[in-house]
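Here is how the chains run, residue by residue.
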Amino acid sequence: MTAAAPSSTPGSVPAPVPDARPAGAFATAVHLAPLFARRRDGDRLALALPVAAFAVVTALLLVVLGGAQAFFGWDDDLAFTYEAFAIIAVVLLVVPLATVGASAARLAARRRDERLASLRLLGATTGTITVLTVLEAAATALVGAVVGVAGYAVLAPVVGLLRFRGEALGAQMWVPWWWLPLAVLGVGLLAAASAVVGLRAVVVTPLGVRTRQRAGTAHWVRVVIAVGVLLGGMVVMQMLGVLGNLGGVVAIIGALAAIFGGMLLALDALGPWFVRVRARRQARKAQTVPRLLAARMVLEDPKAAWRQVSGVAMTSFVGVFGAVGLALTQTTSTEGMDPDEQWLMQDISTGVLVTVAISFLMVACSVGINQAAGTLDRAAVHVSLDRLGVPRSVMSEASRRAVMSALWMVAGGSALCAAVLIFPLVGMAIFVQPIAIVTALAVFAAGFLAVRGAAALSARLVPGILARPERVL
Amino acid sequence: MPTRDPLVVRRGRCLAAGRVGGMTPLLSARGLTMQYPGGTTPALDAVDLDIAAGESVAVMGASGSGKTTLLHCLAGILRPTAGSVTLGSANGPVRIESLDDAGRSRLRREELGFVFQQGLLLDELTALENVAVARMLAGVPRAQAETEAAQWLHHLGLAGLEQRRLGELSGGQAQRVAIARAQVTGARLIFADEPTGALDSATSVEVLDLLLAATQAGRTLVVVTHDADVARRCARTVVLRDGRVVSDTAAPSQAATAAEVSR
Ligand SMILES: Nc1ncnc2c1ncn2[C@@H]1O[C@H](COP(=O)(O)OP(=O)(O)OP(=O)(O)O)[C@@H](O)[C@H]1O
Ligand SMILES: [Mg+2]
């Protein structure tokens, strides 16, 4: 939009930098790096955000690893069971953590793309651009990761307050020191790798970054298959006893793993479709501008809307299982259990809730990052709407609604699927152990509030944008 | 150096006032001055301007002469560092510059219409929704807002395109949607900043026709333009240089526009 963009002055385009050999590309890139890194002061926020995002990713990663490895120091009879549950929890948190990582990488890429596109127009070669991108992504991520280690140092004692077997985790939360540089390096490498992947669009077409494609829509056949998987899961669930008689514990665990895996895939296929169908309906019915806008924003890319919050899908699913199962075991047979087993029951319940809570926290972070990036991306729209006299709250409310509506679908939908699978048990649990169910609901509610808060946070960027409109128009 | 004689300015104003015929102007600026925080010289320097209801005013001048700044001050988008802007409204005159952010925002929403070069519409919404939104913000129920919006789109030659998303419209079509949006609220005063800047000449003529047609219906138009053809079709041309009004004429004098614009 700026008339002075380098791309619009063909007369001043320098000759392409010749760099046929990779070494040449590297040398040119290093030469250009300071230029590339120099930015107007307005970009400070855009620079700080990806760093903060990578810091959050690293801190959460270390907290999860720290919590999981805490159990590996134990060496009694039940240690193996705790370790197994710890591993399951880590596996469940991989998806939400990956979501945060992806948002961080995307945020970093957004800011980069525009300058890369203009570099490309100026004649920089693919090699130069690749090297520059990887350098910047790695540098941003490394700085963020180091900050994240500090964040871990702050968070670990807090999480260490959690009690297992009646004792706080405390110092067990600390990972071995040499994990820290590994985590920092790992985050840096992943960021660099994702930058290379994300780069292809820019390299293929200099203008590629500006042309937004319309997202493909989910086909109804996938919905049918997904529903089939869900029904199949229900059947298998009913036959668990038979399976147990036939093949023992291994068969049961195998069947459960298959059900969970199937559910995850089914949810991922169903989710975007449901999100789209619901948003269509909302777009038709909306009576206020924020509602209409929110629905239209979701319809713009239902898959992205789903993916942003899909990190809570599996944990919500497992959360219902855990809460119900534990509610029932707690009432039935505490009498005959030895104290260790009673602790185990208690601790699984704690573990399930903590895992659900962390997954919501991760989704909240990823939403916060995505919304911030989205707000900066749409800065020009904010300025335009403000000029038209559209109240400032309209856009913020719209984007918050877009997130929350998808979150309801994800968390509500997966919890509902789980409840359907073990339907009779849920009913029983509500009657015999309302407290356990209420606790679980409270965790979900807190999770929703956290995501909502994160979504609302980006509205704070708007006054800054409106105060300096000339930067974006 | 061409004249900066205040007489020239005053003469222009008298001319304008003469046409107004003693009526109170719809919009009236006095001593309008805008000094941007970083700027060395003011972007607007004590501008006096009266605009009568139903007038079409072209604002011309070299790049950087303060046209956009003037438009934004008149429309309450920017708060001038000094001077006043008075809008005659049904409930008596309103001093725009003394309203707070929310008040000016409300004024823009309810009383003014805008057509800029680009970017005042939402990509996600359909053409119809983009126009209807302006009414919904005023509390009109969606169904009625869409009926009114559809009438405007039809009136502006966009029948059949109501359900297109904005990205699926041409530049000229999008600009018509913006014109519909500017008028659907019943705004009496429309501000346009280079509304034809991104269009080819044939489309420019069409878009300008639609804007001028709005003045026929009693609305008032203030249009910033680089295009002498656009200015020629307006009832009055104000030329700015270095933040001052250097000419203000009923018929666009070739000499003034050519001399001032190509500077
Ligand atoms: N936000 C700002 N901060 C500082 N100076 C500004 C700002 N906006 C405009 N200016 C300066 O004020 C003067 C008038 O700018 P303005 O945008 O009003 O000019 P214009 O006549 O609309 O130009 P153009 O024809 O290029 O759009 C210019 O010198 C410009 O550099
Ligand atoms: Mg301008």
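Every residue gets a number counted from 1 within its own chain, in the order that chain's sequence is written. The naming scheme follows written order: chains are lettered A onward, ligands numbered 1 onward. Restriction of local features to residues with pLDDT of at least 70 applies here, the model being predicted, together with a cutoff of 80 or more for giving and counting side-chain atom pairs; totals for whole chains, interfaces and linings are based on all residues. The side-chain figures draw on all heavy atoms in the structure; neither hydrogens nor water molecules are used.

In the nomenclature of an unreviewed UniProt entry, chain A is known as Permease of Isoptericola peretonis. Database annotation for chain A, UniProt heading Subcellular location (unreviewed entry): "Cell membrane". UniProt positions are given in the numbering used here, feature names are shortened, and annotations may be inferred rather than shown by experiment.

Turning our attention to the side chain of Ser105 of chain B. Put simply, DSSP H or I for four residues or longer makes a helix, DSSP E for two residues or longer makes a strand, and each gets a number counted from the N terminus. Structurally, Ser105 of chain B is set in helix 3 (residues 101-111). Here a residue-residue contact requires only that any non-hydrogen atoms of the pair lie within 4.5 Å. Discounting chain neighbours no more than four positions away, the residues touching Ser105 of chain B are Gly389 and Val390 of chain A.

This part covers the domain arrangement of chain A. All names here are of chain A. How far each domain reaches was decided by an automatic or database domain assignment. The domains assigned to chain A are domain 1 (21-214) and domain 2 (286-473). Counting residues at the interface gives 31 residues for domain 1, matched by 32 residues for domain 2. Buried area: the sum, over both parts, of the accessible surface (1.4 Å probe) that disappears when the two are put together. Around 2700 Å² of area is buried between domain 1 and domain 2 when both sides are counted, 76% of it from carbon and sulfur atoms. When a carboxyl oxygen of Asp or Glu is within 4 Å of a side-chain nitrogen of Lys or Arg, the pair counts as a salt bridge. Inspection of the region where domain 1 meets domain 2 yields 0 salt bridges. Any pair of N or O atoms that falls within 3.5 Å is considered a polar contact. Within protein, one atom must be able to donate a hydrogen and the other to accept it, and sequence-neighbouring residues count only if both atoms are side-chain atoms. Our count for the contact surface shared by domain 1 and domain 2 stands at 2 residue pairs in polar contact (both at pLDDT 80 or more). For the side of domain 1 that touches domain 2, the secondary-structure elements that each account for two or more residues are helix 2 (44-70), helix 3 (79-121) and strand 1 (163-164). Per-element tally for the side of domain 1 that touches domain 2: the top contributor is helix 3, with 16 residues. The nonpolar class holds Ala, Val, Leu, Ile, Met, Phe, Trp, Tyr, Cys and Pro. Asp, Glu, Lys and Arg form the charged class, and all remaining residues, Gly among them, are polar. Of the residues contributing to the side of domain 1 that touches domain 2, the split by class is 21 nonpolar, 5 polar and 5 charged.

Moving on, we come to the interface of chain A and chain B. Contact with chain A, which involves 27 residues of that partner, is made by 25 residues of chain B. Ranking the residues of chain A by area buried against chain B places Arg296, Arg387 and Leu388 of chain A at the top, with a combined share of 29%. On the surface where chain A and chain B come into contact, there are 3 salt bridges. Applying the counting criterion to the chain A and chain B interface returns 10 residue pairs in polar contact (both at pLDDT 80 or more). Residue assignment for the side of chain A that touches chain B shows that the elements contributing at least two residues are helix 7 (240-285), helix 8 (289-300), helix 12 (379-387) and helix 13 (392-421) of chain A. Here the side of chain A that touches chain B takes 6 residues from helix 8 of chain A, the largest share from any one element. Partitioning the side of chain A that touches chain B into residue classes produces 13 nonpolar, 4 polar and 10 charged.

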